[in-house]
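Summary of the model geometry
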Amino acid sequence: MRAVVMHAPGDVRVENIEKPSIAEPTDAIIRVTAACICGSDLWPYRGVEEMNGPAPMGHEYLGAVEEIGDDVRDITVGDLVVGSFVASDNTCEICLAGFQSRCVHQVMMGSIGTQAEYARIPLADGTLVTVPGTPTPAQERSLLAASDVLGTGWFAAVAAEAGPGKTVAVVGDGAVGLLAILAARRLGADRIIAMSRHADRQALARRFGATDIVTERGEEGVAKIKELTGGYGAHSTVEAVGTQESMLQAIHSTRPGGHVGYVGVSHGVELDGLDLFFSTVHLLGGPAPVRRFLPDLIDLIMRDEIDPGAVFDLTLPLDAAAEGYRAMDERRATKVLLTL
């Protein structure tokens, strides 16, 4: 089968590799019908995240079940399914508490690779959610977004306690940040401030529900947030980048007693204990428990109440994956959908 393999920073190839097979009785094999490139895939592409030899790429997926293991009970052959970027049993104490991304039996789907024609999904019953009915092409794009960036943006907004009466600030205008705006609006936030310097992303932020745009960054950005909120800072702040600057910008933009939902994959982030102590903010984040939100997100998508698929602004065939990585790296695309 064809699959995307990264050999080194900047070196992405589409190769023929062995089709996956059932390895555990709890596995399912899906024929991937849509895949995409994630902003987190750019960390190894840019050489920021170390690689150890050629690696399969991709952790977001929509697909049809082709085969199931002997112990799979809830998923059947022929189902159209969406799953999280973290496979989970959905039954352990951590999963039942709503943090499936830290399941005691977790498998990171990036280690398997879903930018491919087929994928093995571990812990199929706990990971996959069946899509009811037949989605339209637009709904398919949105369902793919639910696999990671929508679910991650949703978790960020929930972790930040976005809701009625709240002002929400979003640091990061990639797909996750943009969909955190959509989530904050659905959760009832009164005011949503998008921090963005890119006109196309600003337009999508407003489409998703942003009420204000702040172009400044760092402490200048913090000062602007304080100015817009009467000197207090935001009630709820989403951090969706993963750098030292973005994390400090998020914490400092939040009022005492406020909440920060951080979902950017952290690289080089170090917090000063005294600064954090006097910030007096709540911090909650990490790998998003997408599986917690998937049933509700699928329902919203299939009822056409949300359109998260709008974050895909470049569609390419799988064989052109290298161009998709270049486009995202050069910020010519917010998120790339790969067709199969």
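Scoring rules and cut-offs
Residues numbered from 1 in each chain as written. Predicted model: local features only at pLDDT ≥ 70, side-chain atom pairs only at ≥ 80, totals over all residues. Heavy atoms only, no water. Helix = DSSP H or I, 4+ residues; strand = E, 2+ residues; numbered from the N terminus. Rg over C-alpha atoms; globule rule 2.2 N^0.38 Å. Buried < 20%, exposed > 50% of the residue type's maximum accessible area, 1.4 Å probe, protein only. Salt bridge = Lys/Arg side-chain N within 4 Å of Asp/Glu carboxyl O. Contact = heavy atoms within 4.5 Å. Polar contact = N/O pair within 3.5 Å; in protein donor to acceptor, adjacent residues only side chain to side chain. Axes fitted to C-alpha atoms, helices over the stretch in contact; angles between N-to-C directions. Parallel < 35°, antiparallel > 145°, perpendicular 65-115°, else oblique. Left-handed = near helix turned anticlockwise from the far one by under 90°. Nonpolar A, V, L, I, M, F, W, Y, C, P; charged D, E, K, R; others polar. 1 Å grid on protein atoms, 1.4 Å probe; cavity = no way out; pocket = protein on both sides within 12 Å on 5 of 7 lines; lining within 4 Å. Points joined across faces, edges and corners; volume = space filled by probe spheres on them.

**With respect to the overall build of the protein**
The secondary structure content of the protein amounts to 12 helices and 18 strands. Compactness check: the protein gives a C-alpha radius of gyration of 19 Å against a globular reference of 20 Å for 340 residues, within 12% of the reference. When its C-alpha atoms are laid out on the principal axes, the protein stretches across 60 × 40 × 40 Å. When burial is assessed residue by residue, the protein has 54% of its 340 residues classed as buried.

**Some remarks on the pattern of salt bridges**
Using the criterion set out here, one finds 19 salt bridges in the structure. Residue D329 pairs with R46 through a salt bridge whose shortest N-O separation is 2.6 Å. Pair noted here: D329 is in helix α12 (residues 321–329) and R46 is in the loop between α1 (42–45) and β4 (55–56), with a separation of 283 residues, a long-range link. Judged by relative accessible area, D329 falls into the partly exposed class, the value being 28%. The partner of E330 in a salt bridge is R332, with the nearest N and O atoms 2.7 Å apart. Of the residues examined, R332 reaches a relative accessible area of 48% and is grouped as partly exposed. Residues participating in the shared-partner salt-bridge network are R186, D299, R303 and E305.

**Things to note about the environment of K335**
Mapped onto the secondary structure, K335 falls in the loop between α12 and β18 (336–339). Exposure remark for K335: the relative accessible area of 1% places this residue in the buried category. Between the alpha carbons of K335 and T33 there is a distance of 17 Å; along the sequence they are 302 residues apart. If we skip the residues at most four places from it in the chain, K335 touches C36, I37, C38, E60, V149, A175, V311, F312, D313, L314 and M328. Here I37 takes part through its backbone oxygen, which lies 2.8 Å from a polar atom of the side chain of K335.

**Observations concerning the packing of helix α8 (residues 218–228) against helix α9 (residues 244–252)**
Think of two packed helices as two axes; the pair is described by the angle between the axes and how far apart they sit. Between α8 and α9, whose axes approach to 9 Å, the crossing angle comes to 20°. One way to sum up the angle between α8 and α9 is to call them roughly parallel. Here α8 runs over α9; the crossing is right-handed. Contacts between α8 and α9 involve G218, E219, V222 and K226 on the former and, on the latter, E245, Q249 and H252. Counted by class, the contact of α8 with α9 contains one nonpolar, three polar and three charged residues.

**Quick look at unusual backbone geometry**
The residue E161 is not glycine, and still its phi comes out positive at about 60°. Its location among the elements puts E161 in the loop between α5 (149–159) and β11 (167–171). The partly exposed category is assigned to E161, whose relative accessible area is 42%. For D304, which is not a glycine, the phi torsion comes out positive at approximately 60°. In this structure, D304 sits in the loop between α11 (290–302) and β17 (314–317).

**Overview of empty space enclosed by the protein**
Scanning all chains against the criterion turns up one cavity of 30 Å³ or more. There is about 30 Å³ of room inside the largest cavity. Around the largest cavity, the lining residues are V170, G172, D173, G177, L178, I181, A194, M195, S196 and A205. Those elements that provide at least two residues to the lining of the largest cavity are α6 (175–186) and β12 (191–195). Per-element tally for the lining of the largest cavity: the top contributor is α6, with three residues. Of the residues in the lining of the largest cavity, the class split is six nonpolar, three polar and one charged.

**Concerning the layout of surface pockets**
The calculated volume of the second largest pocket comes to roughly 160 Å³. Taken together, T33, A34, L62, L80, P137, E140, R141, L337 and T339 form the lining of the second largest pocket. Broken down by secondary-structure element, the contributors of at least two residues to the lining of the second largest pocket are β3 (28–37), α4 (137–146) and β18. Residue composition of the lining of the second largest pocket, by class: five nonpolar, two polar and two charged.

**Some thoughts on the environment of E117**
Mapped onto the elements, E117 comes out in the loop between β8 (107–108) and β9 (118–121). Here E117 falls in the partly exposed class, since its relative accessible area comes to 23%. Residues E117 and G309, 192 residues apart in the sequence, show an inter-C-alpha distance of 21 Å. In contact with E117, other than residues within four places in its own chain, are M1, R2, I30, R31, V32 and L340. In this structure the side chain of E117 is engaged in a polar contact, spanning 2.7 Å, whose partner is the backbone nitrogen of R2.

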